[in-house]
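Chain by chain, the residues run as shown.
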Amino acid sequence: MQLESVKTILGDVLSLGSSAQALTRDSALLGSIPELDSMAVVQLLTALEEHYGITIEDDDISAHTFATVGSLADFISDKMAA
C-alpha cells in the first residue's frame, strides 16, 4: 500500500512538517486540512503523478478521492494497477 509515501508527499506539498506523520488512514483531508485548498490539490496531483509515474485525468478526481488519506492511497494503488 502507498499510505506512508502518500503521507510524505502530503506533508511536503502542504508544508505540514512533522504533523504529516501523525496522519492515519482515516484522517480526513478536504475540509479538514486548511492547507489543502484548490491550488494545493493541483500541486498534490502533480507531485503524485511525478512520484508514481502515473497520469491522473480530470475525470478520475472526485470528492471521494480526497475524503481521507486512505482513500487517496487507495486511488493511487488503483491507478498503478490499471
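In what follows, the structure referred to is the one given above.
Residues numbered from 1 in each chain as written. Predicted model: local features only at pLDDT ≥ 70, side-chain atom pairs only at ≥ 80, totals over all residues. Heavy atoms only, no water.

Asker: Would you take a moment to explain helix 1 (residues 3–14) for this structure?
Answerer: Given 3.6 residues to a turn, an α-helix orients residues that are three or four positions apart in the same direction. Spanning 12 residues, helix 1 covers 16 Å between terminal C-alpha atoms, matching the ideal 16 Å at 1.5 Å per step. Regarding helix 1, the residues found buried are L3, V6, K7, I9, L10, G11 and L14. In this structure, the buried side of helix 1 is in contact with helix 2 (38–52) and helix 3 (69–81). At the C-terminal side of helix 1, S15 shows a positive phi close to 55 degrees. (Helix = DSSP H or I, 4+ residues; strand = E, 2+ residues; numbered from the N terminus. Expected span 1.5 Å × (residues − 1). Buried < 20%, exposed > 50% of the residue type's maximum accessible area, 1.4 Å probe, protein only. Contact = heavy atoms within 4.5 Å.)

Asker: How should helix 3 be read in this particular structure?
Answerer: In this model, helix 3 (13 residues) spans 19 Å end to end at C-alpha, consistent with the 18 Å of a helix rising 1.5 Å per residue. For helix 3, the complete set of buried residues consists of V69, G70, S71, L72, A73, F75 and I76. The inward-facing, buried residues of helix 3 contact helix 1 and helix 2.

In short, the description is geometric, and any link to function would need to be established separately.
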